[in-house]
Amino acid sequence: MTEQPNQTRSWTRIDGVDCLRALAIFYVLMNHVNMRLRGARIPYTHGMPKQLVVALVWQGQPGVQIFFAVSGFLIAATTIRRWGTLGDVRIKDFYLIRFARIAPLLLTLLAILSLLHALHVPNYVVKPQTGGLGRALVAALTFHIGWLEATRGYLPGNWDILWSLSVEELFYLGFPLACRFLRGRWLIALLGVFVVLGPFGRTLLTHGNDVWQEYSYLGGMDAIALGCLTAICLAHRTLKPATVRACLAGGLTLLILCLTCSPQLAKLKLEETGLLMTFVGIGACLVIAAASQSRWRAPRFVRPLLAYGRNSYEVYLTHMFVVYTCFDQFVRWGKPLTLVWPLFGVTILLAGALGVLVARFYSEPANRWLRVRFGDGPREIGTVLREG
């Protein structure tokens, strides 16, 4: 399975894309801490402008949408770099590489959650009405966590976050097959269909199910498809500097509007029609296009954000442990309002540190070992589009 051409490639990360991923995980963390505070009926937003509250702590779903767009771009871009074209992808190799990246931490997480459930640790017990531990494990391993929650109710937080992984992995199960057998315009047409169906997946096709509005497969796959289309458009192409600047300006404008002006956009019924998340995906892809075509390197003070973004998978899968631990300590101290914002800050810092440690000492070594043992070696392909 060894790749024949250009064995000495040097892969260059794209700082702008890593910053975008850091922004996405920031919004997810802010939202999940906010949900704990709201569940405890702590009026920490009293007196704050509604728009500021929405912009800070209610943007978890757009954050995940950004993740989806980045993911689609990375998978398609690295597939093109590895095999030359999407149509030449080696299906078995694609699955092995994906397994090496995703499976070690996911399987370990499920083992830890199963143990915590068996020990009846609060916040980690899967309720019988959702099918119990066995049903949750089946849903996680067969990528239908969102469907289970839409039909039987929410799982504990550490299980609940796996809905987005379910959407991604179901998409990538079919992705190499579509690339190999459709090719060219037919593949682009299929990705376009996903983009068109995305808003319907968040509205009409949910049949009024609030959970399904956020967790549906089509509702997330449109952003993944947009990311794939961005990689296809940029493959073997260099944009003019003016075009790069226009992409950056347009993308940032869309993201800023979608993330900070939700009350105003509500008057345009963008959320009711499912189009708000589509614009988030488009905005993210425009920023990705600009970042991937520029030679921008983050200044030194921004580098911690890059580590956050580069290890976003590990941060995402482990952050609920930090959220629950920090919030429980906050409750033990009497839930003082003066410590609410420090709670947000400490949680974000510790979640990032945990993600970096998990990536460095577990996920990355496991990924390298699996690729040496079963795949094409330990060469890292991360946030890349250019060769160094």
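Provided above is the structure to which this section pertains.
Reading the values: the criteria
- Residues numbered from 1 in each chain as written.
- Predicted model: local features only at pLDDT ≥ 70, side-chain atom pairs only at ≥ 80, totals over all residues.
- Heavy atoms only, no water.
- Helix = DSSP H or I, 4+ residues; strand = E, 2+ residues; numbered from the N terminus.
- Rg over C-alpha atoms; globule rule 2.2 N^0.38 Å.
- Buried < 20%, exposed > 50% of the residue type's maximum accessible area, 1.4 Å probe, protein only.
- Contact = heavy atoms within 4.5 Å.
- Areas by Shrake-Rupley, 256 points an atom, 1.4 Å probe, with all protein chains shown as cover.
- Lys, Arg positive; Asp, Glu negative; His and termini not counted.
- Charge placed at Lys NZ, Arg CZ, Asp CG, Glu CD.
- Salt bridge = Lys/Arg side-chain N within 4 Å of Asp/Glu carboxyl O.
- Disulfide = S-S within 2.5 Å.
- Axes fitted to C-alpha atoms, helices over the stretch in contact; angles between N-to-C directions.
- Left-handed = near helix turned anticlockwise from the far one by under 90°.

The next point concerns the overall build of the protein chain. When helices and strands are counted, the protein chain shows 17 helices and two strands. Over its C-alpha atoms the protein chain spans a radius of gyration of 21 Å, differing by no more than 12% from the 21 Å that the globule rule assigns to 388 residues. Across the 388 residues of the protein chain, 55% fall into the buried class. Partitioning the contacts of the protein chain with sequence separation of at least 6, the portion at a separation of at least 24 is 81%. Carbon together with sulfur atoms contributes 66% to the accessible area of the protein chain, which is approximately 18,100 Å² in total. Taking the average place of the 38 positive charges on the side chains of the protein chain and the average place of its 20 negative ones, the gap between the two points comes to 4 Å.

Inspection of every chain in the model, using the stated rule, returns nine salt bridges. Salt-bridge contacts for Arg90 lead to Asp93; the nearest nitrogen and oxygen are separated by 3.7 Å. Take Arg90: its relative accessible area is 32%, and that puts it in the partly exposed class. Under the relative-accessibility criterion, Asp93 is labelled buried at 7%. A salt bridge links Glu272 to Lys269; the nearest nitrogen and oxygen atoms lie 3.9 Å apart. In this structure Glu272 comes out as exposed when scored by relative accessible area, which is 57%. By relative accessible area, Lys269 is classed as partly exposed at 45%. Among the ionic contacts, a cluster of salt bridges with common partners joins Asp15, Asp18, Arg21 and Arg310.

Under the counting rule described, the total for this entry stands at zero disulfides. With no disulfide of its own, Cys247 has Cys233 as its nearest cysteine by sulfur position, at a separation of 10 Å. For Cys247, a relative accessible area of 15% puts it in the buried group. Sulfur of Cys258: no disulfide; nearest cysteine sulfur belongs to Cys261 and is 8.9 Å away.

A few words now on the packing of helix H12 (residues 241-260) against helix H14 (residues 275-293). With their axes 7 Å apart at the nearest point, H12 and H14 run at an angle of 145° to one another. At the point where H12 passes H14, the crossing takes the left-handed sense. In this structure, H12 uses Val244, Cys247, Leu248, Gly250, Gly251, Leu252, Leu254, Leu255 and Cys258 to contact H14, whose residues at the interface are Leu276, Phe279, Val280, Ile282, Gly283, Ala284, Leu286, Val287, Ala290 and Gln293.

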